[in-house]
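Residue strings, one per chain:
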Amino acid sequence: MTQAKISDAHDIAKMSEEELNRLEREIARRHIEGLSWFMVFWPFANLICWLSLWPLVLTGTLSAWVAFPIAFFNISYSYLPSHEAQHDIYARPGDKLRWLNEFIGHASVIPLVSSYRVLKMTHLEHHKHTNNPDLDPDYDSHAPSALAAIWKALKVRNPESEQLLSYQKTLDRLDPEQAGLAKRDGIIINLTYLTVLFAMAATGHALEAFLLWVLPLALALVYIRFFLAWAPHHPGHETGRYRDTRAFKSLFGVIGTMGMTVHIVHHLHPRIPLDRTPAAFREMRPILQARNCDLGGLYE
Amino acid sequence: MPIWYGLFFIGPLLAEITLRTSIFTPALDFLGNTLPIGVIGTVETLPVYGICITIGGTYGLIAQVTGRWI
């Protein structure tokens, strides 16, 4: 840390609550402004890449075994653009580019076999009630250790998984009309997924479907649940704006964790685009430190 | 739904893994060396897809009843 930053941190420690709030909001506002073109490019490139694997593999141009890790990457990185859309980061209701926000929200999670509406409704509840055992839909992702978290995540696709039941419970207490649409979307996308798998199997391509969709999906769900749900909220005993989420160091770095090492900034200011969150964290760090947040020694 | 998934995807997948890859070869070689010749002869005449679809359907049925694949 430079001398200037130490001086800043010292000044910040002496600030009043009101001054801290103002400074934090000012940093957030600067990072929220304007569309992030990188986050617009990402979902389209990712989806096109994954879709193009299918004809390449089915025509024998590309080995399914080579396509498998690419599919894993694509499916793992399909969630975050939809996550941006869930928070109206691309465009808010009534904005000119609102259609883009909704299109990315729905389309980017096709490889993840997930409904944008289900994800949005449950994720916003997660933000409202983080770490609340009764109201946080992602509370079941808590686990005492990384290995236990991975094992839990492996069970997410079980027919009666904790996550499925928790999401159903959450939808049941929200707006019935929106919840009905969300459930309908979920059924359609799951039936479509099964239809594709059955058709592939019937034509002698079950192995290709397994390596392009089934196995990468199972592994991607572990990766996503681990870094998006477990790691940033571990141990998950506390609630409150500045205590329910943490920053953490990871061997995988910021990119390898999909930017989740600085997830605390996302919970505080959900409309900051993902690619700008690390920079926002670095600027906010002294403020978060003054607020006694768990920063896990990140960027010390 | 898990039953359908077991019957129409997991079963054919197991069959394709058996017929198109060498993943199960060590296990099949082991069985070939340990089981009585009469049993091996009988098993070899059975349809691979039929056996695998039965296994997949059974696994799907168990998943349906217990609510879990693993």
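Because the structure is predicted, anything quoted here is derived from the model rather than measured.

A word on the overall build of chain B
Step number 1: In terms of helices and strands, chain B carries four helices and zero strands.
Step number 2: When the helices and strands of chain B are read in sequence order from the N terminus, they spell out α-α-α-α.
Step number 3: Seen through its principal axes, chain B has C-alpha atoms that stretch 40 × 20 × 20 Å.
Step number 4: A burial count over chain B gives 26% of its 70 residues as buried.
Step number 5: Put simply, 88% of the contacts in chain B that link residues at least 6 apart link residues at least 24 apart.

Describing the nonpolar core
Among soluble globular proteins, nonpolar side chains are generally buried collectively.
Step number 1: Judged by nonpolar contacts, the single largest core of 55 residues is most densely connected at Ala201(A), Ala206(A), Ala209(A), Leu212(A), Leu217(A), Phe9(B) and Leu13(B).
Step number 2: A total of 17 residues in this core trace back to one element, the largest contributor, which is helix 11 (residues 206–230) of chain A.
Step number 3: Judged by nonpolar contacts, the second largest core, of 14 residues, contains Ala28(A), Ala247(A), Ile272(A) and Met284(A).

Some remarks on helix 2 (residues 17–32) of chain A
Residues and elements named next belong to chain A.
Step number 1: For helix 2, spanning 16 residues, the distance from its first C-alpha to its last is 22 Å, which sits close to the expected 22 Å at 1.5 Å a residue.
Step number 2: Burial in helix 2 covers these residues: Glu24, Ala28 and His31. Buried residues along helix 2 cover an arc of 60 degrees about the axis, so they all sit on one side. Away from its buried face, by an angle of more than 90 degrees, helix 2 presents the exposed residues Glu18, Arg22, Arg25, Glu26 and Arg29.
Step number 3: In this fold, the buried residues of helix 2 make contact with helix 14 (277–290).
Step number 4: Count one or two residues on from helix 2 and you reach glycine 34, which has phi positive near 80 degrees.

Section: the confidence of the model for chain B
Step number 1: Overall, the predicted model of chain B reaches an average pLDDT of 92, with 100% of residues at or above 70.
Step number 2: Per-element averaging of pLDDT across chain B places helix 3 (residues 37–45) of chain B at the bottom with 84 and helix 4 (residues 48–66) of chain B at the top with 96.

Quick word on the interface of chain A and chain B
Step number 1: Taken together, the contact between chain A and chain B spans 13 residues of the former and 15 residues of the latter.
Step number 2: When residues of the side of chain A that touches chain B are traced back to their parent elements, those giving at least two are helix 10 (176–202) and helix 11 of chain A.
Step number 3: A per-element tally of the side of chain A that touches chain B places helix 10 of chain A first, with four residues.
Step number 4: Split by residue class, the side of chain A that touches chain B holds nine nonpolar, one polar and three charged.

Brief notes about unusual backbone geometry
Residue and element names in this part refer to chain A.
Step number 1: Cis rather than trans, the peptide bond between histidine 234 and proline 235 has omega equal to 0 degrees.
Step number 2: By the element assignment, proline 235 lies in the loop between helix 11 and helix 12 (253–256).
Step number 3: Despite not being glycine, valine 113 has its phi angle at roughly 50 degrees, a positive value.
Step number 4: The topology assignment puts valine 113 in the loop between helix 6 (98–107) and helix 7 (116–128).
Step number 5: Look at valine 113 and you get buried, because 20 C-beta atoms sit within 10 Å.
Step number 6: In this structure, asparagine 292 takes a positive phi of about 65 degrees despite not being glycine.
Step number 7: Within the element layout of this structure, asparagine 292 appears in the segment after helix 14.

Reading guide: rules and limits
Residues numbered from 1 in each chain as written. Chains lettered and ligands numbered in written order. Predicted model: local features only at pLDDT ≥ 70, side-chain atom pairs only at ≥ 80, totals over all residues. Helix = DSSP H or I, 4+ residues; strand = E, 2+ residues; numbered from the N terminus. Buried ≥ 20, exposed ≤ 12 C-beta atoms within 10 Å, placed from the backbone. Contact = placed C-beta atoms within 7 Å. Core = buried A, V, L, I, M, F, W, Y, C linked by C-beta atoms within 7 Å. Expected span 1.5 Å × (residues − 1). Arc of directions from axis to C-beta. pLDDT = per-residue confidence, 0-100. Nonpolar A, V, L, I, M, F, W, Y, C, P; charged D, E, K, R; others polar.

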